[in-house]
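For reference, the chains in residue letters:
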Amino acid sequence: MGKTFTRPQALSEEHTHYCPGCTHGIIHRLIAEVIDELGIRGRTVGIAPVGCAVLAYNYFTFDFQEAAHGRAPAMATGIKRVRPDLMVFTYQGDGDLASIGMGEIVHAANRGEKFTTIFVNNTVYGMTGGQMAPTTMPGQKTTTSPLGRNVDEIGMPLKVAELLSALETPSYIERVTVIKPSYIVKAKRAIKKAFTYQLQGRCFSLIEVVSTCPTNWGLTPLEAVNWTEEVLLPYYQLGEYKSPET
Amino acid sequence: MNYVYSIDRDRCKGCGLCVAACPKKVLQISAEINIKGYFPVYQAQPENCIFCSTCCIMCPDVAITITEATLEMANPA
Amino acid sequence: MGKVLMKGNEAIGEAAIRAGCLNYFAYPITPQSEVAEYLSHRLPEVGGVFLQGESEVAVSYMLFGASACGERVFTTSSSPGISLMSEGISYIAAAQCPAVFVNIMRGGPGLGGILPSQADYFQATKGGGHGDYRLLVMAPAGVQEAVDMVMTAFPLAEKYRNPVMILGDGLIGQMMEPVEFPDQLSSKPSNKDAWATNGMSTRKSDKPNVVKTLILDPPKLNEHNLCLKEKYERMKRDEIRYEPYNLETGYRALIVSYGTMSRVCRSAIDALKEQGVEVGMVRPQTLFPFPERAIEEAASKESCEVVVSVEMSMGQMVEDVERSARGKRPVKWYGTCGGDIPAPEEIMAVMKSFMSSEGPHVVHSLTG
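The shown structure was predicted, so the numbers you read here are calculated from the model rather than taken from an experiment. (Residues numbered from 1 in each chain as written. Chains lettered and ligands numbered in written order. Predicted model: local features only at pLDDT ≥ 70, side-chain atom pairs only at ≥ 80, totals over all residues. Heavy atoms only, no water.)

Student: Summarise the overall build of chain C; cite the residues concerned and give the values.
Tutor: Check the secondary structure of chain C and you find 12 helices and 15 strands. In terms of overall size, chain C behaves like a compact globule, its C-alpha atoms giving a radius of gyration of 21 Å where 368 residues would be expected to give roughly 21 Å. Principal-axis analysis of the C-alpha atoms places the extent of chain C at approximately 75 × 50 × 40 Å. For chain C, with 368 residues in total, the buried portion stands at 60%. With an accessible surface of roughly 14,200 Å², chain C has 54% of that area assigned to carbon and sulfur atoms. (Helix = DSSP H or I, 4+ residues; strand = E, 2+ residues; numbered from the N terminus. Rg over C-alpha atoms; globule rule 2.2 N^0.38 Å. Buried < 20%, exposed > 50% of the residue type's maximum accessible area, 1.4 Å probe, protein only. Areas by Shrake-Rupley, 256 points an atom, 1.4 Å probe, with all protein chains shown as cover.)

In structure tokens, the structure reads:
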């Protein structure tokens, strides 16, 4: 009984700057494990966003580009079109993907660009200090919605997985979370499936990862896990939303 | 199979997620701060550890590793 | 190969292919959409990549991604589209990636008009986007020169690891002129393994390459800016190109003009010569770096009374002309906006009024 567990080769030795309990660390590690398992480190290019993960390139041991805010899917498109043999993924947060970058992700998905997007949904703008995001929940207090998100004024939170699943072009869209080990195992399976589709040159994939931001939510990491389970998961429901098989 | 369980004290940020995740309640937050000013985790009940690696899977910082014990470790020459 | 009659926009597209650039990302905008239309069928013929992006913003980042992984790339657009690309251009310059941009200028500001202008001079030569960077800017005056400049742009962009901008205008894009293309590729792409994210296996290395522009440490950011500046100083030293016209005579006035406007001025100069009035011209072919010394020298000729910057704008290049003249002669400006290109007769009248003893009064179009 028992098993070994070590740092994946695709993850660097750098201590991350992420807050205690931040789910970025888990997601980074899962991506690195998948890259190791598929043996693609030598031909992978990651694209870092503007957000807490802007320094993601310090935490991986393969080629990386840094995109302007929201533009990672456009950069990924550029790379994938000129070097289809490279494995390309974008790593984006709420503001990057669902606000300023909405045009880019919709069109990349609609064109069926064969790269993978890891979308980290933690309902706030983390790096800039906790402002409201398109994914902020009704009534959720943030630094730019101090009285709580007023849906009459500003609408309901945006469900990216559902939105992109409405496109006709085949793709793989799944929503997962990483707040507990049982969820983490499933999230890794989804990420591996997405990269495998890319290896086959099959379709665009997006894995939306419901994540925590303890610091900007004003909660401890464990309280953040509970809030995610109680409030976020009923709205941002986990599951596979679109598959190229169907 | 013998395993070596290792916590990188200075990498741990004391988030406590592993403490909650451990099925055997092995881990606790220690009272001594590390080099970064966090209170890192430690094995309070190491004898109960079953090396399931659930704590490793939970940890955002890869602060916990489990490796195979080698003969050299058991019998240093 | 021989000459073919070709529309400027299409010739520009063909020139990029002949230069070994088979990757084109673009968005339609008048008056240059024909480039995309032409390349949409021409690039697949040569196994190239053609993609119409969803916006100029997206296109500028497609260029960045593709350039950063080591491939030759280019795009074409027009004034408002170049504004949208400005942030991307700043990033590409900051990351020291090569890329070629072609601006087929139209009337502005805002949505403006669809006819030619030269009102993006500031945007092209002073940066356009944010931060301390410059573009190597070339200004063709006809379709053949546009072809030649596009073909030079790619090796130049790689030599300096910097974006290069070809500043054309709607007339050059739309008109048809005889063009000749070289029979073989003019330049081999440079080796980019030192910095490009072309995959570690591709360059048989275990060391990742990162293309980024964020430098939070102040001394390091300063150092980076100094490094960029050094490149621009080298451009100023080595890449100035200009064409003198009628400077061997005792000209009384010196015109500085580029692109389409310079051709009208040339006709005006020829017609004035027949009337016994000599006017000279320095035609910048690079707008950055600007031919300051050439203009200063030409302005300093004893016979020369006045320098006139003639441009289809409200006076942008005139500031660089003024600086170049170093106070040696008065510098005047004549320009029009709106899209009507002045006829040679208009320029002749303007030059006469600038050279008359009453002094120049005309500062806008006589027909307006």
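So much for the structure itself; the text now carries on.
Student: How would you sum up the interface of chain A and chain C? Please name residues and give values.
Tutor: Tallying the contact residues gives 30 residues for chain A and 34 residues for chain C. Per-residue buried area on chain A facing chain C is highest for A:Asp63, A:Glu66 and A:Val82; these three make up 22% of the total on that side. Scanning the region where chain A abuts chain C turns up three salt bridges. Notably, a salt bridge pairs A:Asp63 with C:Arg203, separated by 2.6 Å at the nearest N-O pair. Inspection of the chain A/chain C interface yields 17 residue pairs in polar contact (both at pLDDT 80 or more). Mapped onto the side of chain A that touches chain C, the elements with two or more residues apiece are β2 (63-66), α2 (72-82) and α4 (102-111) of chain A. Top contributing element to the side of chain A that touches chain C by residue count: α2(A), with seven residues. Inspection of the sheet shows β2(A) paired to strand β9 (residues 210-211) of chain C by two bridges, in the parallel sense. Within β9(C), the residue paired with A:Gln65 across the bridge is C:Val211. (Contact = heavy atoms within 4.5 Å. Buried area = accessible area lost by both parts, 1.4 Å probe. Salt bridge = Lys/Arg side-chain N within 4 Å of Asp/Glu carboxyl O. Polar contact = N/O pair within 3.5 Å; in protein donor to acceptor, adjacent residues only side chain to side chain. Pairing = 2+ DSSP bridges.)

Student: Quick rundown of the pattern of salt bridges? Include the residues and the values.
Tutor: All names here are of chain C. Under the counting rule described, the total for this entry stands at 43 salt bridges over all chains. When the shortest N-O distance is used, the salt bridge between Arg241 and Glu239 registers 3.2 Å. A relative accessible area of 28% places Arg241 in the partly exposed class. In this structure Glu239 comes out as buried when scored by relative accessible area, which is 4%. One salt bridge in this structure joins Asp320 and Arg323, with 2.9 Å as the shortest N-O distance.

Student: Would you mind going over the confidence of the model for chain C in detail, with residue names and values included?
Tutor: Residues and elements named next belong to chain C. For chain C, per-residue confidence averages 94 on the pLDDT scale, and 96% of positions sit at 70 or higher. Contacts for the low-pLDDT stretch residues 358-368, under 50 throughout, to residues beyond four places or in other chains number 20 contacts. Across the assembled chains, the prediction reports ipTM 0.95 with pTM 0.92. (pLDDT = per-residue confidence, 0-100.)

Student: Can you explain helix α2 (residues 33-45) of chain C? Please cite residues and give values.
Tutor: Residues and elements named next belong to chain C. Helix length check: α2 (13 residues) gives 19 Å between terminal C-alpha atoms against 18 Å at 1.5 Å per residue, within 8%. At Leu39, α2 shows its largest kink, close to 35°. Here α2 has its buried residues at Ser33, Glu34, Val35, Ala36, Tyr38, Leu39, Arg42 and Leu43. Those residues of α2 that are buried lie in contact with β1 (4-7), α1 (8-18), β2 (23-26), β3 (49-52), β4 (74-77) and α7 (170-174). Looking one or two residues beyond α2, the residue adopting positive phi is Gly47, at roughly 70°. (Expected span 1.5 Å × (residues − 1). Bend = angle between axes of the 7 residues up to and from the residue.)

Student: An account of the sheet that holds strand β7 (residues 171-177) of chain A is requested, with residue identities and associated values reported.
Tutor: Spatial ordering of the open sheet is given by β9(A)-β7(A)-β8(A)-β4(A)-β3(A)-β1(A)-β2(A)-β9(C), a layout of eight strands whose pairing is mixed. At either end of the open sheet lies a strand with only one pairing partner, and these are β9 (239-242) of chain A together with β9 of chain C. Relative to β2(A), strand β1 (residues 44-48) of chain A runs parallel, the two being bridged by four bridges. Bridging from a neighbouring strand, A:Val45 pairs with A:Asp63 of β2(A). Those strands touched by α2(A) are β1, β2 and β3 (87-93) of chain A, and its axis lies near 175° from that of β3(A). (Axes fitted to C-alpha atoms, helices over the stretch in contact; angles between N-to-C directions.)

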